[in-house]
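Secondary and tertiary structure notes
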Amino acid sequence: MLLRKKSRFPMDTVDIGPLQLKARNVEFDLSDTPLHWIPGHPVASHTVSSYHLLFPEVERFFIAAFKEALPEVHDPRLREDVLGFIGQETVHANAHEESLDDYFERNGIDPEPLLAQSRFMLGKVLGPRTFRTANRTRQHLINRLAITAALENFTAFLGHFVLNCRWDDYGADPAMSALFRWHGAEEMEHRNVAYDLAMYFDNRYRRRVRTMLLVFPLTIWLSSRYIWYLVKHDPQAPTSRLRVLAQVIKAGRLGLLPTVGTVTGSAFDYLKPGFRPDETGSMAQALSYLATIESRTDPA
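None of the values given here were measured: they were computed from a predicted structure.

Rules used in this analysis
Residues numbered from 1 in each chain as written. Predicted model: local features only at pLDDT ≥ 70, side-chain atom pairs only at ≥ 80, totals over all residues. Heavy atoms only, no water. Patch = residues over 30% accessible without salt bridge, like charges linked within 9 Å, V, L, I, M, F, W, Y side chains within 5 Å. Areas by Shrake-Rupley, 256 points an atom, 1.4 Å probe, with all protein chains shown as cover. Salt bridge = Lys/Arg side-chain N within 4 Å of Asp/Glu carboxyl O. Lys, Arg positive; Asp, Glu negative; His and termini not counted. Charge placed at Lys NZ, Arg CZ, Asp CG, Glu CD. Helix = DSSP H or I, 4+ residues; strand = E, 2+ residues; numbered from the N terminus. Buried < 20%, exposed > 50% of the residue type's maximum accessible area, 1.4 Å probe, protein only. pLDDT = per-residue confidence, 0-100. Core = buried A, V, L, I, M, F, W, Y, C linked by side-chain atoms within 4.5 Å.

**What to know about a negative patch on the surface**
- A grouping of E27, D29, D32 and E98 is seen on the molecular surface, where their side chains present a negatively charged patch.
- Note that E98 resides in helix α2 (residues 76-104).
- Take E98: its relative accessible area is 57%, and that puts it in the exposed class.

This is the structure:
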């Protein structure tokens, strides 16, 4: 069972002090990764793979909002965290974008239609805009920071999931698994930053509630569209949406995907008045995994 609140690591009871966030030099070769990289589970494979298509533009949306907010951040600790967050998210976006040629196009899937939709929604509709008054322009920025905080709640939840899922038990491709686990561990590492920045600009509870009520259904809708797009381009995948949903639920029971209950639970957690992002998962586990990444990438 995937635990969200109770740490498996006694180290989490130790105050390790403030982290210095940094972008890591990583490289993942997906040139031999099969389309069904979790063998025998095409829907589970496509569900996770769909985030290659979502993450690059979503993370550029985060970066644009943080860069616009940075001149108004006068707290030195928060400013350092924001800069570290921008660095990590830039590498995340690039790593997933590099998979488009190595993975999707090699397997006969053209990702451009979905990427164009992402660019329009996140760049044009929700992205940076200048309004007639400075106050409206600033409110638009604050809304984007609130959206980023809500979405980062999900990425931290997903980060905890990928560090504890059962992909290895089912023979999942090591390169794809490593890519998502590195990304997930860094999401855990910087899980507080977006929330802290949003609260720095507007700490009202009602904005947090209003934003999650917008973000949660939008995230589910977009994810469903992206998963269905990949399924439609795979002749070995189910041909009906109900069968796809049934496979998603089954994969959740097997530990290959988050369950419906844990996904909705992460949204409800965010709506609790006393919510803090560091209640999600284990920082000790994330840092332990990242230490293995660094030992493989640091020069001898």
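Once the structure has been displayed, the description carries forward.
**Quick look at a nonpolar patch on the surface**
- There is a patch of nonpolar side chains on the surface, built from L242, L245, I249 and V260 and spanning about 400 Å² of accessible area.
- Along the chain, I249 falls in helix α8 (residues 241-254).

**Remarks on the pattern of salt bridges**
- Under the defined criterion, the tally for this structure stands at 15 salt bridges.
- Between R60 and E57 there is a salt bridge; the shortest N-O distance is 3.5 Å. Remark: E57 and R60 occur in helix α1 (residues 42-69); sequence separation between them is three residues, near one turn of the helix.
- Between D168 and R181 there is a salt bridge, and its shortest N-O distance comes to 3.2 Å. Linking D168 in the loop between α4 (134-164) and α5 (174-189) with R181 in helix α5, this pair joins segments that are 13 residues apart in sequence.
- Under the relative-accessibility criterion, D168 is labelled exposed at 51%.
- For R181, a relative accessible area of 12% corresponds to the buried category.
- Salt bridges here are not isolated pairs; linked through shared partners, they connect R24, E186 and E189.

**Quick notes on the confidence of the model for the protein chain**
- The predicted model of the protein chain averages 89 in pLDDT, with 92% of residues at 70 or higher.
- When mean pLDDT is compared element by element in the protein chain, helix α6 (residues 193-201) scores highest at 97, while helix α10 (residues 283-297) scores lowest at 83.

**Digging into the nonpolar core**
- With 43 residues, the main nonpolar core has W37, L53 and W167 as its most contacted residues.
- Listed by contribution, the elements that provide at least two residues to this core are α1, α2, α3 (112-125), α4, α5, α7 (205-232) and α10.
- Sorting elements by how many residues they give to this core places α5 first, with seven residues.
- Counting 35 residues, the second-largest nonpolar core is a separate cluster that includes F85, I86, V193 and Y270.

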